[in-house]
Amino acid sequence: MKQSFLALATPGVQQLTPYQPGKPVEELERELGISNSIKLASNENPLGPSPLALEAIAKVSSSINYYPDGGGFVLSNKLAQRHSVDASNITLGNGSNDILELVTRAFLTPQHSAVFSEYSFAVYPIVVQAVGAKANVASAFPEDHETMPLGHDPAAILSQIDDSTRIVFIANPNNPTGTWLTPDVLEELFNNIAQDIIIVLDLAYTEYMDDDVKPPINKWLRIFPNLLITQTFSKVYALAGLRIGYSISNAEIADILNRVRQPFNTNLLAQTAAIASLDDAAHVRNSVAMNNAGKIFLQQAFTEMNLSYLPTMGNFIAVKVAQDGMALYQKLLQQGVIVRPVANYDMPEYLRITIGTQQQNERFVAALKQSIS
Ligand SMILES: Cc1ncc(COP(=O)(O)O)c(C=O)c1O
């Protein structure tokens with residue numbers, strides 16, 4: 001009889017559904033034989049990377065025959081300075097996804113559970129299930145909630161914590177909804193989580209947030225020793241293709257993550273580009289300004305089309321298309337516009353649109369109008 005290798009995989013892995021990434025432009029163009037398509041599907045920065053990053057990579061590219069600095073000394077120290085913490089508080093990851101995986105491998109077993117909200121980032125259930133741990137999923141706010149439809153509900157999150165819980169994941173703002181919790185609400189939530197539970201606060205989109213709701217991370221790191229903050233260079237810093245992210249936590253947690261990470265989990269080009277990008281404050285400012293303008297443009301277009309959308313502090317908007325989102329996604333593909341269907345998040349009537357350049361946003365809106373009419 002033919003051997004089933006799936007039957008040999010661990011029980012958690014047997015049940016896993018792989019992460020579905022946004023469709024690459026090249027794939028669509030190959031499939032349809034078209035050109036000039038646009039991708040607004042993976043919350044990438046349409047401005048492209050900082051020129052400082054590109055220059056820096058070019059300078060070191062002839063050294064890729066050498067292993068990178070496994071500990072990422074220069075980048076860790078630069079990040080530590082940036083956040084007014086010690087380098088021993090920083091852990092570098094091959095994207096912040098890497099950190100999400102490290103923390104589950106370090107703290108969860110099949111006897112443990114992790115808590116996260118409905119409609120939150122798809123990687124949480126994957127990394128939890130991969131280690132065979134249990135996912136305790138908290139109900140989100142209902143769709144008719146006054147301020148944060150489908151957003152994280154702190155009371156529901158607390159109600160899912162039990163004796164087996166070792167990790168609580170909170171994305172702020174959350175992907176794919178774009179919703180967020182204000183600093184006072186988050187602080188109260190953290191105050192109600194026992195200190196033997198690791199709080200993973202995922203701030204992948206934090207640079208896009210309005211200043212009045214940006215989390216006071218330094219204060220929180222001082223008062224919550226169980227807090228692990230993850231950030232990334234994939235979004236506003238526009239280095240998604242290089243894979244580099246990091247966490248800030250107390251040094252003991254960082255030491256634990258360091259035990260399970262691969263020796264060279266972040267590569268030379270990624271470290272180099274990240275170091276250079278941190279010096280380009282203007283690029284970050286321009287990216288955020290473009291995002292804010294694009295957000296207003298798209299929101300107005302949706303309103304004119306009588307489509308509702310979720311409030312967002314990210315570089316994307318979840319719009320309720322009030323029809324089968326997957327079918328509409330397919331129609332948009334035919335016009336060379338790639339967005340993100342979110343049926344896999346249990347939001348079949350929504351599409352998630354990454355906010356692009358003005359030209360991309362206009363092209364998307366025109367395609368949307370044509371596809372809906
Ligand atoms: C909420 C959230 N966290 C983490 C990530 C992972 O980003 P990366 O691994 O590129 O740092 C993403 C990417 O889309 C995200 O949306």
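Everything discussed here concerns the structure shown above.
This structure is a prediction, so every number in the text was calculated from the model and none was measured.

Asker: Now, about the pattern of salt bridges: what can you tell me, with residues and values included?
Answerer: Per the stated rule, a full pass over the model turns up nine salt bridges. The salt bridge involving Glu-27 is made with Lys-23; its shortest N-O contact spans 2.8 Å. One salt bridge in this structure joins Asp-279 and Lys-78, with 2.8 Å as the shortest N-O distance. Separated by 201 residues along the polypeptide, Asp-279 in the loop between helix H11 (268-277) and helix H12 (281-304) and Lys-78 in helix H4 (residues 73-83) bring together distant segments of the chain.

Asker: Residues and numbers for the sheet that holds strand E13 (residues 350-354), please.
Answerer: Ordered by their spatial adjacency, four strands build an open sheet running E9-E10-E13-E12, and the pairing between neighbours is antiparallel. Only two strands of the sheet have a single neighbouring strand rather than two, namely strand E9 (308-309) and strand E12 (340-341). Relative to strand E10 (residues 316-320), E9 is paired through two bridges, and the arrangement is antiparallel. Paired with Tyr-309 across the bridge in E10 is Val-319. In the packing of H12 onto the sheet, contacts are made with E9, E10 and E13, and the angle to E10 comes to roughly 5 degrees. The strands touched by helix H13 (residues 325-334) are E12 and E13; relative to E13, the strand with the most contacts, the crossing angle is about 40 degrees.

Asker: Outline the pairing of strand E6 (residues 198-202), listing residues and values.
Answerer: A regular strand places its side chains so that they alternate between the two faces of the sheet. Burial analysis of E6 places five of its five residues in the buried class, the great majority of the element. On E6, burial covers both faces: Ile-198, Val-200 and Asp-202 on one face and Ile-199 and Leu-201 on the other are all buried. Bridging between strand E5 (residues 165-171) and E6 involves five bridges; their strand directions are parallel. Bridge assignment links Ile-167 to a residue of E6, and that residue is Ile-198. A crossover links E5 with its parallel partner E6, the connecting element being helix H8 (residues 183-191), and its sense is right-handed.

Asker: Tell me about the side chain of Thr-312, residues and numbers included.
Answerer: Mapped onto the secondary structure, Thr-312 falls in the loop between E9 and E10. One polar contact links the side chain of Thr-312 to the main-chain amide nitrogen of Gly-314, over a distance of 3.0 Å.

Asker: Got a sec to walk through the nonpolar core? Specific residues and values, please.
Answerer: Counting 46 residues, the largest nonpolar core has Ile-170, Phe-190, Leu-201, Leu-227 and Phe-233 as the members making the most contacts within it. Not counting residues within four places of it along the chain, the set of residues in contact with Leu-227 comprises Phe-190, Ile-199, Leu-201, Trp-220, Leu-221, Ile-248, Ser-249 and Asn-250. Of all hydrophobic cores here, the second largest spans 32 residues; its members include Leu-100, Tyr-119, Val-123 and Ile-167.

Asker: Quick rundown of the sheet that holds strand E4 (residues 134-138)? Include the residues and the values.
Answerer: Pairing between sheet strands relies on hydrogen bonds along the backbone, with the strands arranged either parallel or antiparallel. Taken in spatial order, the seven strands make up an open sheet running E2-E8-E7-E6-E5-E3-E4, and their pairing is mixed. Taken across any chain shown, the strands that pair with only one partner, and hence form the sheet edges, are strand E2 (90-93) and E4. Direction aside, neighbouring strands of the sheet carry axes that sit 20 degrees apart on average. Direction of pairing for E6 relative to strand E7 (residues 227-232): parallel, over a ladder of four bridges. Note on E7: the bridge partner recorded for Val-200 is Leu-228. Set on the sheet, H4 makes contact with E2, E7 and strand E8 (245-248); between it and E2 the angle comes to about 125 degrees. Against the sheet, helix H6 (residues 123-130) makes contact with strand E3 (113-117), E4, E5 and E6, and its axis sits at roughly 160 degrees relative to E5, the strand it touches most.

Asker: Break down the site of the ligand for me, citing the residues and quoting the values.
Answerer: Neighbouring residues of the ligand: Gly-95, Ser-96, Asn-97, Phe-121, Asn-175, Asp-202, Ala-204, Tyr-205, Thr-232, Ser-234, Lys-235 and Arg-243. In this structure, an oxygen atom belonging to the ligand sits 2.7 Å away from a side-chain N or O atom of Asn-175. Between the ligand and Thr-232, the relevant distance is 2.5 Å, taken from an oxygen atom to a side-chain nitrogen or oxygen of the residue. Within the complex, the protein chains bury 94% of what would otherwise be the 400 Å² of accessible surface of the ligand.

Asker: Any details on H13? Residues and values, ideally.
Answerer: Every buried residue of H13 is listed here: Gly-325, Leu-328, Tyr-329, Leu-332 and Leu-333. Projected down its long axis, H13 carries its buried residues within an arc of 150 degrees, all on one side. Where H13 is buried, its residues touch helix H2 (25-32), strand E11 (337-338), E12, E13 and helix H14 (358-372). Near the N-terminus of H13, the side chain that reaches the backbone nitrogen of Met-326, with its oxygen 3.1 Å away, is that of Asp-324. Just past H13, the residue Gly-336 takes up positive phi, approximately 75 degrees.

Asker: Please set out the side chain of Ser-113 residue by residue, giving values where relevant.
Answerer: The topology assignment puts Ser-113 in strand E3. Looking at Ser-113, its side chain comes within polar contact range of the side chain of Asn-136, at 3.4 Å. Not counting residues within four places of it along the chain, the set of residues in contact with Ser-113 comprises Leu-108, Lys-134, Asn-136, Asp-162, Ser-164, Thr-165, Arg-166 and Ile-167.

Rules used in this analysis
Residues numbered from 1 in each chain as written. Predicted model: local features only at pLDDT ≥ 70, side-chain atom pairs only at ≥ 80, totals over all residues. Heavy atoms only, no water. Salt bridge = Lys/Arg side-chain N within 4 Å of Asp/Glu carboxyl O. Helix = DSSP H or I, 4+ residues; strand = E, 2+ residues; numbered from the N terminus. Pairing = 2+ DSSP bridges. Contact = heavy atoms within 4.5 Å. Axes fitted to C-alpha atoms, helices over the stretch in contact; angles between N-to-C directions. Buried < 20%, exposed > 50% of the residue type's maximum accessible area, 1.4 Å probe, protein only. Right-handed = clockwise from strand over helix to strand, strands pointing away. Polar contact = N/O pair within 3.5 Å; in protein donor to acceptor, adjacent residues only side chain to side chain. Core = buried A, V, L, I, M, F, W, Y, C linked by side-chain atoms within 4.5 Å. Near = heavy atom within 4 Å. Areas by Shrake-Rupley, 256 points an atom, 1.4 Å probe, with all protein chains shown as cover. Arc of directions from axis to C-beta.

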